[in-house]
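# Secondary and tertiary structure notes
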Amino acid sequence: MELKVLESNKIDEEVANEIVTLIKGKPNCVLGLATGSTPLGVYANLVKKYENKEVSFKNVRSFNLDEYVGLKHDNDQSYFYFMHHNLFDHIDIDPNNVHVPDGINYENCLKTYDNEIKKAGGIDLQILGIGSNGHIAFNEPGTDFDSFIHLVNLKESTIKDNSRFFSSIEEVPTRAITMGLRSIMQAKRIILIAKGKNKNRAIKALFDEQGIDEALPVSVLKLHPNVEIYCDKDAAEGVIDE
Ligand code: F6R
């Protein structure tokens, strides 16, 4: 795992550049995308680069990591809405090439999502954020490293963390559909971004403690040959790079 510690806006620029470089080399590449506050700056940079005609997403395919169970596409808290509002609606990606796990008809999605990724040729670059408890996608502590797409009951800490986007904590869905850790590990390359003090404990546990342990889902990435971790100073404070 390669650790890069940069200013937050530098992270956004560098990761967006990595994505653009990938698209230029492989215009029909497959991107694995995350939601939440972490990748917002990366998406804003991608929109800018598209507007400046530096890149076209016409043939890009994308697969998102996760979605809340029970939220319809037009609900502004759904990850489908988030992706359209922050990225897809502002670039020339083909709506047919966009995939977000379905939090309503999830039974069908559970059967097909990993296969769809496989049929697309696998994920070339997976973008990840990280939960304060070390989750990646919505794979909470204790998730089987061998998991593919599945339903999950969100941990109280995740519901609390995410309540900042909702008007009250009661409105935060308690279940989600998420790509599994095995699905994520099949990506050819992974970039994880961590920003802010509340990610420091998880990042420290990842670098300072030797173990690869299902209690810290992100630690599975130690088994992947091609992972870059971008942290701001707050997230990386006190971290010993191995
Ligand atoms: C979202 C996702 C989550 C978030 C994580 C951090 O698609 O997979 O794992 O990356 O919860 O969220 P933020 O970025 O809001 O701190």
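Let me sum up the structure you'll find in this document. (Residues numbered from 1 in each chain as written. Predicted model: local features only at pLDDT ≥ 70, side-chain atom pairs only at ≥ 80, totals over all residues. Heavy atoms only, no water.)

For the coordinates displayed, the defined rule picks out 12 salt bridges. When the shortest N-O distance is used, the salt bridge between Lys4 and Glu14 registers 4.0 Å. Placement of the pair is Lys4 in strand 1 (residues 2-5) and Glu14 in helix 1 (residues 8-25), with a sequence separation of 10 residues. One salt bridge in this structure joins Glu54 and Lys49, with 3.4 Å as the shortest N-O distance. By sharing partners, the salt bridges in this structure join Glu18, Arg189 and Glu228 into a single network. (Salt bridge = Lys/Arg side-chain N within 4 Å of Asp/Glu carboxyl O. Helix = DSSP H or I, 4+ residues; strand = E, 2+ residues; numbered from the N terminus.)

The grouping of Asp144, Glu209, Asp213 and Glu214 at the surface amounts to a negative patch. In this structure, Asp144 sits in the loop between strand 6 (125-128) and strand 7 (150-153). (Patch = residues over 30% accessible without salt bridge, like charges linked within 9 Å, V, L, I, M, F, W, Y side chains within 5 Å. Areas by Shrake-Rupley, 256 points an atom, 1.4 Å probe, with all protein chains shown as cover. Lys, Arg positive; Asp, Glu negative; His and termini not counted. Charge placed at Lys NZ, Arg CZ, Asp CG, Glu CD.)

Once that is clear, we can look at the sheet that holds strand 2 (residues 30-33). Across the sheet, which stays open at both edges, the 7 strands sit in the order 1-10-9-6-2-3-5 with parallel pairing between neighbours. Only two strands of the sheet have a single partner each, and these edge strands are strand 1 and strand 5 (98-99). Two strands pair when backbone bridges link them, and strand 6 and strand 9 (residues 190-194) are joined in this way by 3 bridges, in the parallel orientation. Each residue of the ladder has a partner; that of Gln126, found in strand 9, is Ile190. (Pairing = 2+ DSSP bridges.)

Let's shift gears to helix 1. Because each turn of an α-helix spans 3.6 residues, side chains separated by three or four positions end up pointing in the same direction. In this model helix 1 runs 26 Å from its N-terminal to its C-terminal C-alpha over 18 residues, within 8% of the 26 Å that 1.5 Å per residue would give. When helix 1 is considered as a whole, its buried residues turn out to be Ile11, Asp12, Val15, Ala16, Ile19, Val20, Leu22 and Ile23. On an axial view of helix 1, the arc spanned by its buried residues comes to 160°, and they lie on one face. Of the exposed residues in helix 1, the ones pointing more than 90 degrees away from its buried face are Thr21, Lys24 and Gly25. Where helix 1 is buried, its residues touch strand 2, helix 2 (40-51), strand 6, strand 9 and strand 10 (227-231). (Expected span 1.5 Å × (residues − 1). Buried < 20%, exposed > 50% of the residue type's maximum accessible area, 1.4 Å probe, protein only. Arc of directions from axis to C-beta. Contact = heavy atoms within 4.5 Å.)

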